[in-house]
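The residues making up each chain are set out below.
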Amino acid sequence: MNEPEYIRKILVTDQNNFTKSRALQRAKVLLGEGLLTSEGEFHLRQRRLVQPAFHRPRLVGYSQVMSECALRMRDRWHDGQTLDVASEMMRLTLAVVGKTLFSADVESEAGEIGEALTAILHMFNLLMMPFSEYLEKLPLPSVRRFEKARARLDQTIFGMIAERRASGVDCGDLLSMLLLAREEDGTGGMTDQQVRDEALTLFIAGHETTAQALTWSWYLLSQNPECERKLHEEVEAVLEGRAPAFDDLPRLRYTEMVLAEAMRLYPPAWAIGRKAIAPFELGGYEIPAGAVLILSPYVTHRDARFYPDPERFNPERWATEARDARPKFSYFPFGGGARLCIGERFAWMEGTLVLAAIAQKWRLRLVEGHRVEPQPLITLRTKHGLKMISQSVNREQTGRSVLL
């Protein structure tokens, strides 16, 4: 489905006639009954419990952590260094989600967690096959890798839960909210398994998708010098050498536009599936019960009806007038309706602050000959990583940014 009106009907108007499709049903082997995979009243209840963690007052506090983590990472780099920017962004966003939502320092575990997550994402091709429910019970090498990777992620999550339960401290973060959650009558707290499912879902979703959006942003900037120049000029003018903060976000408009355009061309959640509960009519077609409908941000975002010269990277598409002239669901990197990504504002804020913080000090150049190829797993990754060379940016007396 690539007509914005049809997408709106499926995600918003008639959303009660749809459940998640097979991909996310099969994701339960990893995520259990977390926000991404649960349905119906249980999903709504869990979403209400988690929602306060993403309200504005919390976001203000998170912004400081995001900025600090970005500064710490960029200050480890040196001029002329060859970096795998995909890995660097994964490490950074993992540190951010660990600190903001769980008050935990997981940066030292980033390598192992990243390897586990990669193994799991590759396994999903097998999990989507017919009869995979039976295949996963066999002692296949791929199944064993998946189980080992799942156990590694559980080690981190259950470890944080056990430590917090033992301390009894309310840190005011997402983990404390989950552990203290009760029904309206004050009864029925979550089991460790329920807390684990929600925590792991947000732990993975909260860093994997943002890392991919940032990775593609750096690649696209390196291929479009004029856009890169505008980004550096804005960062220089707004921040004047200090660290980016929450109050700077309204003035970092071009930086946000870069992120929006990167997610247009390479949306981290590149496909969304829905399964029809009852028959319905859409655009003159009769859709039977049980049919699976695929909504692809990747396809719709490259539709020339909405984006002239759609393959071109052009952040100016996100100037207010141009943005408002397009149908709403011609752009939906975070989904829509009741299942709109709960961390959307978190992601926009993190992406903008990280781009600004790193652009203050560095420009990134693609290593000559390095192949950049999309890899459509559950998220849209770069198949071969992203090898780039850091080039230091210095300020002259005039305030203009120049390369050393």
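Residues numbered from 1 in each chain as written. Predicted model: local features only at pLDDT ≥ 70, side-chain atom pairs only at ≥ 80, totals over all residues. Heavy atoms only, no water.

J.: If you had to explain the packing of aromatic side chains to someone new, which residues and values would you point to?
T.: Enumeration over the complete set of coordinates arrives at 11 aromatic pairs. Measuring from ring centre to ring centre gives 6.3 Å for Tyr307 and Trp318, while their planes differ by 40°; the resulting arrangement is tilted. Placement of the pair is Tyr307 in the loop between α14 (297-300) and α15 (320-324) and Trp318 in the loop between α14 and α15, with a sequence separation of 11 residues. As far as the burial class goes, Tyr307 and Trp318 line up, both buried. Here a set of aromatic residues connected by ring pairs shows up, and it is made of Phe54, Tyr62 and Phe346. The ring of Tyr307 carries Arg264 above its face, with NZ or CZ at 5.0 Å from the centroid. The cationic tip of Arg302 hangs over the ring face of Tyr266; the distance from NZ or CZ to the ring centre is 5.2 Å. (Phe/Tyr/Trp six-rings, centres within 6.5 Å; stacked < 30°, edge-to-face > 60°. Helix = DSSP H or I, 4+ residues; strand = E, 2+ residues; numbered from the N terminus. Buried < 20%, exposed > 50% of the residue type's maximum accessible area, 1.4 Å probe, protein only. Lys NZ or Arg CZ within 6 Å of the ring centre and 35° of its normal.)

J.: Summarise the confidence of the model for the protein; cite the residues concerned and give the values.
T.: On average, residues of the protein carry a pLDDT of 90, and 94% of them reach 70 or more. This model gives residues 395-404 a pLDDT under 50, and the stretch forms 21 contacts once residues within four places in sequence are excluded. (pLDDT = per-residue confidence, 0-100. Contact = heavy atoms within 4.5 Å.)

J.: Pulling in residues and values, what's your account of the nonpolar core?
T.: With 108 residues, the main nonpolar core has Met89, Leu101, Phe102, Phe203 and Trp218 as its most contacted residues. When residues in this core are grouped by element, the largest group, 14 residues, is from helix α11 (residues 192-222). Filtering out sequence-adjacent residues up to four positions away, Trp218 remains in contact with Val85, Met89, Val354, Leu355, Ile358, Ala359, Leu364 and Met388. (Core = buried A, V, L, I, M, F, W, Y, C linked by side-chain atoms within 4.5 Å.)

J.: With reference to specific residues and values, describe the packing of helix α6 (residues 85-102) against helix α16 (residues 344-359).
T.: The interhelical angle for the contact between α6 and α16, taken along N-to-C directions, is 130°, at an axis separation of 12 Å. Accordingly, the angle class assigned to the pair α6 and α16 is oblique. Along this stretch, α6 crosses α16, giving a crossing that reads as right-handed. The segment α6 lies against α16, with Met89, Leu92, Thr93, Val96, Thr100 and Leu101 engaging Phe346, Glu350, Val354 and Ile358. The class makeup of the residues in the contact of α6 with α16 is 7 nonpolar, 2 polar and 1 charged. (Axes fitted to C-alpha atoms, helices over the stretch in contact; angles between N-to-C directions. Parallel < 35°, antiparallel > 145°, perpendicular 65-115°, else oblique. Left-handed = near helix turned anticlockwise from the far one by under 90°. Nonpolar A, V, L, I, M, F, W, Y, C, P; charged D, E, K, R; others polar.)

J.: Describe the environment of Gly159, with residues and values.
T.: Structurally, Gly159 can be placed in helix α9 (residues 141-167). Among the residues examined, Gly159 registers a relative accessible area of 33% and is labelled partly exposed. Remark: the alpha-carbon pair of Gly159 and Ile358, spanning 199 residues in sequence, is separated by 32 Å.

J.: Give a detailed account of the sheet that holds strand β6 (residues 292-295), specifying residues and quantitative values.
T.: Here 3 strands make up an open sheet; going across it, the order is β1-β3-β6 and the pairing antiparallel. On the outer flanks of this sheet lie β1 (18-20) and β6, each paired with one strand and no other. If you compare each strand with its neighbour and ignore which way they point, the axes differ by 35° on average. Relative to strand β3 (residues 272-276), β1 runs antiparallel, the two sharing 3 bridges. Residue pairing for β3: Phe18 is matched across the bridge by Ala276. In this fold helix α1 (residues 4-13) packs onto β1, β3 and β6, with an angle of close to 115° to the strand it touches most, β6. (Pairing = 2+ DSSP bridges.)

J.: Please provide a residue-by-residue account of the packing of helix α5 (residues 56-74) against α16, values included.
T.: Close contact between α5 and α16 brings their axes to 9 Å; oriented N to C, the two are set at 30°. Once α5 is placed against α16, the crossing between them reads as right-handed. Along its contact with α5, which presents Arg56, Leu59, Tyr62, Ser63, Met66, Ala70, Leu71, Met73 and Arg74, the element α16 presents Arg345, Phe346, Met349, Glu350, Leu353, Val354, Ala357 and Ile358.

J.: How would you sum up the pattern of salt bridges? Please name residues and give values.
T.: Per the counting criterion, the structure on display carries 32 salt bridges. Of the charged contacts in the structure, one is a salt bridge between Glu107 and Arg76, with a shortest N-O distance of 3.4 Å. Highlighted residues: Glu107 in the loop between α6 and α7 (110-127) and Arg76 in the loop between α5 and β2 (82-84), separated in sequence by 31 residues. Residue Arg317 pairs with Glu261 through a salt bridge whose shortest N-O separation is 2.9 Å. (Salt bridge = Lys/Arg side-chain N within 4 Å of Asp/Glu carboxyl O.)

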